[in-house]
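Chain by chain, the residues:
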Amino acid sequence: MPATPPATITVRTSNSTRPVLDLLLPGFERATGHKVTLILDTAKNSLARIKAGERADAAVLLDKSIDELCALGILLTETRQPFSRSNIGIGVLKGAPKPDISTVDAFKQTLLNAKSIAHTVHGPSGAYFPGLCERLGIADQIKPKTVTRPGGYIGVVVTAGEAEMAFQQICELLAVPGLEVVGPIPEEIQYNFDSKAAIFAEAKNPDAARALLAYLARAEHAAKFVEAGLEQLQS
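In what follows, the accompanying structure is described. (Residues numbered from 1 in each chain as written. Predicted model: local features only at pLDDT ≥ 70, side-chain atom pairs only at ≥ 80, totals over all residues. Heavy atoms only, no water.)

1. Details of the packing of aromatic side chains
Quick note on the threshold: Between 30 and 60 degrees the pair is tilted, below 30 it is stacked and above 60 it is edge-to-face, where a pair is any two Phe, Tyr or Trp rings, Trp via its six-membered ring, whose centres lie within 6.5 Å. A run of H or I in DSSP becomes a helix once it reaches four residues, and a run of E becomes a strand once it reaches two; helices and strands are each numbered from the N terminus. For the exposure calls, accessible area comes from a 1.4 Å probe over protein chains only, and a residue counts as buried if that area is under 20% of its type's maximum, exposed if over 50%, partly exposed in between.
Across all of its chains, the model carries five aromatic pairs by this definition. Between F28 and Y215, the ring centres sit 5.5 Å apart and the planes meet at 55°, which makes this aromatic pair tilted. Residue F28 is located in helix α1 (residues 18–32), and its partner Y215 is located in helix α9 (residues 206–216); the two are separated by 187 residues in the primary sequence. One exposure class covers both F28 and Y215, and it is buried. Seen in terms of ring centroids, Y191 and F193 are 4.9 Å apart; in terms of plane orientation they differ by 45°. Their pairing is tilted. Classification of Y191 by relative accessible area gives partly exposed; the value is 35%. The exposure class of F193 is buried, given its relative accessible area of 7%. An aromatic cluster of at least three residues, connected via ring pairs, comprises Y128, Y191 and F193.

2. Quick word on the side chain of D57
To keep things clear, this is the line we draw: The definition of a polar contact used here is a pair of N or O atoms within 3.5 Å, where within protein one atom must be able to donate a hydrogen and the other to accept one, and adjacent residues in sequence count solely through side-chain atom pairs. Pairs of residues are marked as contacts when any of their non-hydrogen atoms sit within 4.5 Å.
With respect to the helices, strands and loops of the structure, D57 is situated in the loop between α2 (43–51) and β3 (58–62). Within polar-contact distance, the side chain of D57 engages the backbone nitrogen of T10 at 3.0 Å. In this structure D57 touches T8, I9, T10, A198, I199, F200, A203, K204, N205 and A209, once residues within four positions along its chain are discounted.

3. Some thoughts on the pairing of strand β2 (residues 35–40)
In the case of a regular strand, side chains alternate between the two sheet surfaces. To be explicit about the condition: Pairing between two strands requires that DSSP report at least two bridges joining them. Crossovers are marked right-handed if the path from the first strand over the helix to the second runs clockwise, as seen with the strands pointing away from the viewer.
Relative to β2, strand β1 (residues 8–13) runs parallel, the two sharing six bridges. Considered in β2, the bridge of T8 is made with K35. At this point the chain moves from β1, through α1, to the parallel β2, and the crossover so formed is right-handed.

Here it is as structure tokens:
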């Protein structure tokens, strides 16, 4: 029996954490009787919408966003907890040859050889891509062959035949049927994205939201995070 009456918990999150939440939430709902509704948007848009006044019971977002919202008093600082870590990879159409991205030089050459590369504009990995190309000294060569979308799972552009490869967080690449993950980009140029969870100060169901965050933090769920292309972070 749940500690509180069954409630519908709303959670604001982004596409990078949706896959693991999809794996974890059914078990929570069965165990507690609560229902969870995800409010999805890009990481950038989620932060903007919350700052503009939109609310929910809990948020699972980039750590910097959670910290900022706690500082503003929108989220309760005492409820803040680590959630996950993700990194960036390359995806290609399933069955297509896998390019070499094992070293920085190999990755750079793969980008130069590619006919087209897809990335998002508002997602954190997509925002990282142009600067990375600048660092590698290939921005002018790569820019004309990039295919962009505002947000979402960019791998669908590859499976639709509109780009040869996709650059995004591995957890998001894994969520696209028909896409195959080549692997992570080299450690020297890798960028890790950490996320946290917290409860809104104006949550309608704060007790149920606390139960949800406690459930998500259980160490027994580590394998589910790995399945979704993430690493579980603990306090």
